[in-house]
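Chain by chain, the residues run as shown.
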Amino acid sequence: MRHIVLASLLLAWAVAGSNGLNFENQRPLGDDPSPSPAPPPSPEPQPPKPPSPEPSPPAPSPEPSPPEPPSPSPQPSPPAPPAPSPQPSPPEPPSPSPEPPTPSPEPPAPSPEPPTPPAPAPQPPSPDTWLTKRHEPGYCAMYGICGRRKDGDVLNCANNTQAQAASDELAHKLQATCPTLWAEQGGAAGRYCCTAQQIDKLAGDTGKVAPFTVGCPACLHNFVQLWCFLSCSSDQATFTNVTQVQLAADNNATAVKEIDVWTSTEFSSSLYDSCKDVKFGAANLPAMNFMGGGAQNGQEWLEFLGEVKDKRVPPVGSPFQQNFNPTGNSTPPGITLAVGKMASCGDPLFLCSCADCPVAPGCSIPTPGPPPESRTCRAGAISCWDLTLLLTYIALVAGTQTDGMHPFGSQLQHARFSSVQLLSLSRHHLCSGTGRMAALYSKSELVTAIPFVACLVFDDIEP
């Protein structure tokens, strides 16, 4: 009986549980259907749990007791309202990975292109384009600036063209830098073989010499005139010949590399003479040591000025080689020696100091004349002056009467003596102790000094 009751209770509990599950899954009527939320992400699979142990067999039931009356079956409880559906939570941002992402493999480098062949070297200019063919008055061997060296210094153009009239700019700069050349070439009516750009370069280069020639304006004037004449003379081609050219480093233009220049000896000597004695005051040395390399004559100075800077250390000098009065090269037909006018260091317009120009007017030291002839009066072995002092002393002593202190005076009053006897007597009294004592007692300073002088004189006189 007890087994039947237990079985009925288990059956009722199972029916009630299945009804409750059905009520939870049902939705009340009249509610608007709402979209079902997206299912949450499925959790990772869990490892299977170990199987639960089998239930132990039931213990033997005791002896059956008398059956109890059946209890009323429990009433089913009303269904619980459905639980609200959970809102989907926003997905969490992915945590940064501790390691940087592995870069994607670079695309394969393109195959190298074949190297471009180097540009062909520029061909040297034809000699027909730069040779100085016409060595005639009114023609130039160089004109203008064509390019620059690697160090930035400018290079003249090899251009055997006619001299050109001066532009307003060139005229203004020539009057400021080369006034003597401007006047010699006829001013605005003349023609020139230079440009305003060349005059700017010339003024800058010659200005570097000014500190060495402060005491001699003539030297500085002649130095500037030299380069004005060589660069701008309308007859430049008559004393200049271009022998080599080069390609400018900045534009590959044909520029001068070497020239020959012919000058007269008078031209170079007058230039050198105006500067050879100039002193550089800061160092108290000849200025020629700095601006002429210690040249000893005009030709050496021109050779120093014309040497290209590439041959010097440090590289200071001419941007191209200038050979003055070359001896190894043949002189082209039509070449004549350059003859220019140079101012003397004694020129009143450019007067130098006497220290820098000893030959200037008023600076030469007159030659001393012969010494004057000595005219002396002598009386035998003694001079007239000594004799005068002696006779003066004798007269003073003879005129003094002092209680026998001067016996020589009393003797003169009673006798006459010859000159030899007088000298002998004078020697006796002057060089004796009595004469010296008498001199010491005399009140006259002259009489005091004469005995000692006369004693020395008479020591060499024999009566």
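Our subject is the structure that appears above.
Each value, and the rule that gives it
- Residues numbered from 1 in each chain as written.
- Predicted model: local features only at pLDDT ≥ 70, side-chain atom pairs only at ≥ 80, totals over all residues.
- Heavy atoms only, no water.
- Disulfide = S-S within 2.5 Å.
- Helix = DSSP H or I, 4+ residues; strand = E, 2+ residues; numbered from the N terminus.
- Buried < 20%, exposed > 50% of the residue type's maximum accessible area, 1.4 Å probe, protein only.
- Salt bridge = Lys/Arg side-chain N within 4 Å of Asp/Glu carboxyl O.
- Expected span 1.5 Å × (residues − 1).
- Arc of directions from axis to C-beta.
- Pairing = 2+ DSSP bridges.
- 1 Å grid on protein atoms, 1.4 Å probe; cavity = no way out; pocket = protein on both sides within 12 Å on 5 of 7 lines; lining within 4 Å.
- Points joined across faces, edges and corners; volume = space filled by probe spheres on them.
- Nonpolar A, V, L, I, M, F, W, Y, C, P; charged D, E, K, R; others polar.
- Contact = heavy atoms within 4.5 Å.

A. Expanded view of the state of the cysteines. Enumeration according to the criterion identifies eight disulfides in this entry. Paired by a disulfide, Cys 140 and Cys 193 hold their sulfur atoms 1.9 Å apart. Between Cys 140 and Cys 193 the sulfur-sulfur dihedral comes to about -85°; the bridge is accordingly left-handed. A residue pair is termed long-range when its members are at least 10 positions apart, and Cys 140 in the loop between α1 (2–25) and β1 (142–148) and Cys 193 in the loop between β4 (191–192) and α4 (196–206) qualify at 53 residues. Each sulfur of the disulfide joining Cys 216 and Cys 352 lies 2.0 Å from the other. Residues Cys 216 and Cys 352 are joined through a disulfide that is right-handed, its torsion about the S-S bond being 65°. Of this pair, Cys 216 sits in the loop between α4 and α5 (217–232) while Cys 352 is found in the loop between β9 (321–324) and β10 (378–379), placing the two residues 136 residues apart along the sequence. Side by side, Cys 216 and Cys 352 carry an identical accessibility label, which is buried.

B. Up close: the pattern of salt bridges. Under the definition given, this model contains 11 salt bridges. In this structure, Glu 169 and Lys 173 form a salt bridge, with 3.2 Å as the shortest nitrogen-oxygen distance. Of this pair, Glu 169 and Lys 173 both sit in helix α2 (residues 168–177), separated by four residues, roughly a single helical turn. Salt bridges linked by common partners bring Arg 149, Asp 151, Asp 153, Lys 201, Asp 205, Lys 309 and Asp 310 together as one network.

C. Region of the structure containing helix α9 (residues 384–398). For α9, built from 15 residues, the straight-helix expectation of 21 Å at 1.5 Å per residue is met to within 8% by its first-to-last C-alpha distance of 21 Å. Every buried residue of α9 is accounted for by Leu 390, Tyr 393, Ile 394, Val 397 and Ala 398. Relative to the axis of α9, the buried residues are bounded by an arc of 125° and lie together on one face. Within α9, the exposed residues directed more than 90 degrees away from the buried face are Trp 385 and Ala 395.

D. The pairing of β1, seen in detail. Where β1 and strand β2 (residues 154–158) come together, four bridges link them in antiparallel fashion. By the bridge assignment for β2, Ile 145 is matched with Asn 156. Between β1 and β2, which pair antiparallel one after the other, the connecting turn spans five residues, and Gly 152 there sits at a positive phi close to 95°.

E. Region of the structure containing the pairing of strand β6 (residues 254–261). Counting buried positions over the eight residues of β6 gives six, a clear majority of the element. As paired elements, strand β5 (residues 240–247) and β6 share seven bridges and run antiparallel to each other. Looking at the pairing, Gln 244 lines up with Glu 258 of β6. With antiparallel pairing between neighbouring strands as the criterion, β5 and β6 make up a hairpin whose turn holds six residues, including Asn 252 at a positive phi of roughly 60°. Across four bridges, the pairing between β6 and β9 is parallel. Residue pairing for β9: Ile 259 is matched across the bridge by Gln 322.

F. Structural view of the layout of surface pockets. By volume, the largest pocket amounts to about 980 Å³. Forming the boundary of the largest pocket are 38 residues, of which Asp 205, Trp 227, Gly 317, Ser 318 and Pro 319 lie nearest the centre. Elements represented by at least two residues in the lining of the largest pocket include exactly β1, β2, α4, α5, β6, α7 (288–291) and α8 (298–306). Looking at the lining of the largest pocket, its residues break down into 23 nonpolar, nine polar and six charged.

G. Spatial organisation of helix α6 (residues 265–273). Here α6 has its buried residues at Phe 267, Ser 268, Leu 271 and Tyr 272. Along the axis of α6, the buried positions cluster into a sector of 120°, meaning they face one direction only. Along α6, exposed side chains directed more than 90 degrees from the buried face belong to Thr 265 and Glu 266. Its buried side turned inward, α6 meets α5, α7 and α8.

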